[in-house]
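Residue-level listing of the chains:
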Amino acid sequence: MEELVIEAKDSCKRLDIFLVEYLKESRNLILKAIKNGNILVNDKIVKGGYSLKTGDRITIGQLKVDNTIKGEDIPLDILYEDDDIMVVNKKSGMVVHPGNGNYEHTLVNALIGYTDDLSDEGGSERVGIVHRIDKDTSGILLIAKTNKAHKILSDDFKNKRIKRKYIALVHGVINTNKGKINAPIGRSKTDRKKMCITDENSKVAVTNFTVLERYNKATLLELILETGRTHQIRVHMEYIKHPVVNDPVYGYKKVINNYGQMLHAEYLGFNHPITHKFMEFEVKPEKEFYEILEMFKNS
């Protein structure tokens, strides 16, 4: 930990530029450290463009972080495995791949701990990962063990040759039996961690739904995606005013039983990238999902 006080000669300089000169480190590294709270001004997090003032006290913590992804002995629910691919059932609450300073306890850590045979087509932080689902979404994920399989599967996802079905419990009663939501999704201008329906800098997003069961205050849906946008189902459900239960980001803040959003990737159908055999996998949600479902059935 290092502390320094800004003198008059450095007043009005940008924080990031001053630290690049002072520390002899790259601006990118400095900006990451500022963003992560490892560099403070007067004990507060500020932006890299902060204009320094005489007497400002800068606290400099650890700049460089060991980003090596380490394998961990985390149990995996493997539905299928061969020399080219794996199919796994991810639990709610597990992050798929490292990022944003989080380099532990992810699915990738578990995969590295399980096998050395993983594709690196997506980079060192996403070995084996062909597609992803949100941290608090449970269900089926397809893993590539070779780069050849990864490239073929990525192309299949891009060209909509892979079939996916989700189930979700949403707030409110949906009266129509089937529906299609066609609304473009882009990143929110007010909260960069969220997505929203917008015509600016957005991509086409299409979700089809079928009602499986209706309760007094909720509806159980089957959902089929025509596109694969970030948070697509959650954003589309909020858009039609039927947010996913237990989704405090796009729905109501109250969460039941500390369980993640009631969204589950139930089905995956695809052609094996090497043998070309059509394969199908279906897995039911975790017991916590059913426990919350029973609460709505009985309410």
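Residues numbered from 1 in each chain as written. Predicted model: local features only at pLDDT ≥ 70, side-chain atom pairs only at ≥ 80, totals over all residues. Heavy atoms only, no water.

Peer 1: If you had to explain the overall build of the protein chain to someone new, which residues and values would you point to?
Peer 2: Helix and strand content of the protein chain: six helices and 14 strands. The 299 residues of the protein chain split such that 45% are buried. For the protein chain, long-range pairs separated by at least 24 residues make up 63% of all intrachain contacts whose partners lie at least 6 apart in sequence. Per element, the accessible surface of the protein chain, about 16200 Å² overall, is 48% carbon and sulfur. Taking the average location of the 46 positive side-chain charges in the protein chain and that of its 42 negative ones, the two points are 7 Å from each other. (Helix = DSSP H or I, 4+ residues; strand = E, 2+ residues; numbered from the N terminus. Buried < 20%, exposed > 50% of the residue type's maximum accessible area, 1.4 Å probe, protein only. Contact = heavy atoms within 4.5 Å. Areas by Shrake-Rupley, 256 points an atom, 1.4 Å probe, with all protein chains shown as cover. Lys, Arg positive; Asp, Glu negative; His and termini not counted. Charge placed at Lys NZ, Arg CZ, Asp CG, Glu CD.)

Peer 1: Hey, could you go over the nonpolar core for me, with residue numbers and the actual values?
Peer 2: One broad trend across soluble globular proteins is that nonpolar side chains are buried collectively. Formed by 44 residues in total, the largest nonpolar core has its most connected members in L107 and L169. When residues no more than four places from it in sequence are discounted, the contact partners of L169 are Y215, A218, T219, L220, V244, V245, M262, L293 and F296. Within the second largest apolar cluster, 17 residues are counted, among which are L15, I30, I34 and V41. (Core = buried A, V, L, I, M, F, W, Y, C linked by side-chain atoms within 4.5 Å.)

Peer 1: Break down the side chain of R234 for me, citing the residues and quoting the values.
Peer 2: Secondary-structure assignment places R234 in helix α5 (residues 232-239). Within the structure, the side chain of R234 is placed 2.7 Å from the side chain of D247, a separation counted as a polar contact. Every residue in contact with R234, bar those within four places of it in the chain, is listed here: D134, V244, D247, V249, Y250, Q261 and L263. (Polar contact = N/O pair within 3.5 Å; in protein donor to acceptor, adjacent residues only side chain to side chain.)

Peer 1: So what about helix α6 (residues 287-297)? Which residues, and what values?
Peer 2: Among all positions of α6, only F289, I292, L293 and F296 are buried. The buried residues of α6 all sit within an arc of 105° when viewed along its axis, so they share a single face. For α6, the secondary structure elements touched by its buried residues are β7 (163-171), β12 (218-225) and β13 (263-271). (Arc of directions from axis to C-beta.)

Peer 1: Please set out the sheet that holds strand β1 (residues 2-5) residue by residue, giving values where relevant.
Peer 2: Within a sheet, adjacent strands bond to each other through the backbone by hydrogen bonds, running parallel or antiparallel. An order of β1-β3-β2 is seen for the three strands of this open sheet, with the pairing classed as antiparallel. At either margin of the open sheet sits one strand with a lone partner, and together these are β1 and β2 (39-41). Between one strand axis and the next, the sheet turns through 15° on average, direction left out of account. Alignment of β1 against strand β3 (residues 57-60), held across four bridges, turns out to be antiparallel. (Pairing = 2+ DSSP bridges. Axes fitted to C-alpha atoms, helices over the stretch in contact; angles between N-to-C directions.)

Peer 1: Before we move on, could you go through the pattern of salt bridges and cite the residues and values that matter?
Peer 2: Across all of its chains, the model carries 20 salt bridges by this definition. R27 serves as the salt-bridge partner of D16, at 3.0 Å between the closest nitrogen and oxygen. Here the residue D16 occupies a position in helix α1 (residues 15-23), and R27 occupies one in helix α2 (residues 27-35), the gap between them amounting to eleven residues. The class for D16 is buried, based on a relative accessible area of 0%. The exposure class assigned to R27 is partly exposed, which follows from its relative accessible area of 39%. For the salt bridge of D134 with R132, the shortest nitrogen-to-oxygen distance reads 3.8 Å. Judged by relative accessible area, which is 11%, D134 ranks as buried. For R132, a relative accessible area of 40% translates into the label partly exposed. Each of K9, D10, K13 and E21 takes part in one network of salt bridges that share partners. (Salt bridge = Lys/Arg side-chain N within 4 Å of Asp/Glu carboxyl O.)

Peer 1: Tell me about the pairing of strand β14 (residues 278-282), and name the residues and values.
Peer 2: Here β14 shows a buried face lined by M279 and F281 and an unburied face lined by F278, E280 and E282. Relative to β14, β13 runs antiparallel, the two being bridged by five bridges. Across the sheet, N271 pairs through a bridge with F278, a residue of β14. What sits between the antiparallel neighbours β13 and β14 is a turn of six residues, in which H276 has the positive phi angle 70°.

Peer 1: Now, about the environment of K35: what can you tell me, with residues and values included?
Peer 2: Tracing the backbone shows K35 in helix α2. We classify K35 as exposed; its relative accessible area is 69%. In this structure, the C-alpha to C-alpha distance between K35 and K47, residues twelve residues apart in sequence, is 7.2 Å.

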